[in-house]
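# Structural features, examined
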Amino acid sequence: MVDTAPLLTPEQVLRRVEWKVLRHLEGRLQGDYHTLLRGQGTDFRDLRDYEWGDDVRHIDWNVTARMDQLFVREFMEDRELTAWLLLDRSRSMAFGPEDRTKEQVLRELGATFAQLLVRSSNRIGAILYDGRELRTVPAGQGRRQVLTLVDHLLKPMEGGTLTDLSKLLELADRVIRRRSLVVLISDFISEPGWEQPLLRLTERHEVVAVRLVDPREYELPDAGWLFVQDAENGEQLLVDTSNREFRNRLRAAATEQEETIRRGAARARAHLHHVSTEDDLVSAFVRMADSARRHRRR
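In this report, we go over the structure that sits alongside the text. All values derive from a computational prediction rather than experimental measurement. (Residues numbered from 1 in each chain as written. Predicted model: local features only at pLDDT ≥ 70, side-chain atom pairs only at ≥ 80, totals over all residues. Heavy atoms only, no water.)

### Re the packing of helix 6 (residues 165-175) against helix 7 (residues 195-204)
Relative orientation of the contacting elements helix 6 and helix 7 amounts to 35°, with a least axis distance of 8 Å. For the pair helix 6 and helix 7, the sense of crossing is left-handed. Residues S166, L169, E170, A172 and D173 of helix 6 lie in contact with helix 7, whose contacting residues are P197, L198, R200, L201 and R204. Classifying every residue of the contact of helix 6 with helix 7 gives five nonpolar, one polar and four charged. (Axes fitted to C-alpha atoms, helices over the stretch in contact; angles between N-to-C directions. Helix = DSSP H or I, 4+ residues; strand = E, 2+ residues; numbered from the N terminus. Left-handed = near helix turned anticlockwise from the far one by under 90°. Contact = heavy atoms within 4.5 Å. Nonpolar A, V, L, I, M, F, W, Y, C, P; charged D, E, K, R; others polar.)

As structure tokens, then:
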């Protein structure tokens, strides 16, 4: 676990991420992180016959019409990639153990993604959403850019009313003009309607979508009467956690929410990775890279 307590400076946070996550990734991924963070260049290279599984967005319809068979464009990957992190810091991200909330994992993931990307001279920007305010960090390069991003992630979460993830995605659609790698990190606990703006992003960019979860969102311990608080609207309820029927209803509601999010991501053509507050980040990144490789082979 990487300690990202608010008292730490951005430099201290980044050094801990480098020591506890990045140095282990270098040995375990052995370059496979490019599968997860590959992006797609915009320089046209050649045409070839369409093969099953090719991205239909790369079909050259003019040539296809003239030749009466499907052709796709091949592109050369840009040496320098522009990447954007879309980071959900809304109220529900404060859920989890005091020393390992979803918001703390978000910081670690954001810092790790950013440092992996700038090491190859890529440009990286970010849009942060706290449920009320949207903040944009213009794209830049180098370690200083990563430190600027970490500084934003260390600022106290303000929190708004109910989260509307579509606001974050719609702003990203307006701000990110050139084809880029887009990394969305959220728990996807949101008002409905985020699927369509996410689809617009996946149609124009390479999108990596990461959903943060905490096991306690699905299972409450049998601990008698407890006050629980809705992370989105702040409403408090007194519940009997020893009541098996109540725990079953909570589990069923969480399962239904998970399925709704899964279906929404599928409609948006986004491959959804899951990271838990209990995950080791090195293992989580290796798992995401493996999952991305299997997904692209389909």
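### Re empty space enclosed by the protein
For the coordinates displayed, the defined rule picks out one cavity of 30 Å³ or more. Taken as a whole, the largest cavity holds about 30 Å³ of empty space. Mapped onto the lining of the largest cavity, the elements with two or more residues apiece are strand 4 (123-129) and helix 5 (142-154). Considered class by class, the residues forming the lining of the largest cavity number five nonpolar, two polar and no charged. (1 Å grid on protein atoms, 1.4 Å probe; cavity = no way out; pocket = protein on both sides within 12 Å on 5 of 7 lines; lining within 4 Å. Points joined across faces, edges and corners; volume = space filled by probe spheres on them.)

### Thoughts on the packing of aromatic side chains
Tallying each qualifying case throughout the model produces two aromatic pairs. Ring geometry for F113 and F285: centres 4.9 Å apart, planes at 55°, overall tilted. Here F113 is found in helix 4 (residues 102-118), whereas its partner F285 is found in helix 9 (residues 281-297), with 172 residues between them in sequence. Arranged with centres 5.2 Å apart and planes meeting at 65°, the rings of F188 and W194 form a pair that is edge-to-face. Under the relative-accessibility criterion, F188 is labelled buried at 3%. (Phe/Tyr/Trp six-rings, centres within 6.5 Å; stacked < 30°, edge-to-face > 60°. Buried < 20%, exposed > 50% of the residue type's maximum accessible area, 1.4 Å probe, protein only.)

### Some words on the sheet that holds strand 4
As a general point, the strands of a sheet are linked pairwise by backbone hydrogen bonds and lie either parallel or antiparallel. Pairing is mixed in the open sheet, where six strands are placed in the order 5-4-3-6-7-10. A single partner strand is all that each edge strand has here, and the edge strands are strand 5 (134-140) and strand 10 (272-276). Averaged over all pairs of adjacent strands, the angle between their axes in this sheet comes to 15°, without regard to strand direction. Summarising the sheet, strand 4 and strand 5 pair through five bridges and their orientation is antiparallel. Its bridge partner being in strand 5, I127 is matched across the sheet by T136. Strand contacts of helix 4: strand 3 (82-88), strand 4, strand 6 (181-186), strand 7 (206-213) and strand 10, with the helix running at about 155° to strand 7, the strand carrying the most contacts. (Pairing = 2+ DSSP bridges.)

### Overview of the pattern of salt bridges
Here the structure, examined in full by the defined rule, presents 19 salt bridges. Of the charged contacts, one joins R211 and E258 as a salt bridge, the two residues approaching to 2.0 Å between their closest N and O atoms. On the criterion of sequence distance, the pair formed by R211 in strand 7 and E258 in helix 8 (residues 244-267) is long-range, its members being 47 residues apart. E258 gets classed as partly exposed once you look at its relative accessible area, which sits at 21%. Here E245 ties to R249 by a salt bridge, and the two come within 3.4 Å at their closest N and O atoms. (Salt bridge = Lys/Arg side-chain N within 4 Å of Asp/Glu carboxyl O.)

### Side note on the side chain of S276
Tracing the sequence through the fold places S276 in strand 10. Exposure remark for S276: the relative accessible area of 13% places this residue in the buried category. Separated by 3.0 Å, the side chain of S276 and the backbone nitrogen of E278 make a polar contact. When residues no more than four places from it in sequence are discounted, the contact partners of S276 are V213 and P215. (Polar contact = N/O pair within 3.5 Å; in protein donor to acceptor, adjacent residues only side chain to side chain.)

### A few points about the pairing of strand 7
For strand 7, the tally of buried residues reaches eight of eight residues, placing the bulk of the element in the interior. Both faces of strand 7 are covered, namely the face carrying E206, V208, V210 and L212 and the face carrying V207, A209, R211 and V213. Sheet topology places strand 6 next to strand 7; six bridges connect them, and they run parallel. Across the sheet, residue V183 finds its bridge partner in strand 7, namely V208. Remark: the strand 6/helix 7/strand 7 crossover connection has right-handed handedness. Summarising the sheet, strand 7 and strand 10 pair through five bridges and their orientation is parallel. If you follow L212 over to strand 10, its bridge partner there is V275. (Right-handed = clockwise from strand over helix to strand, strands pointing away.)

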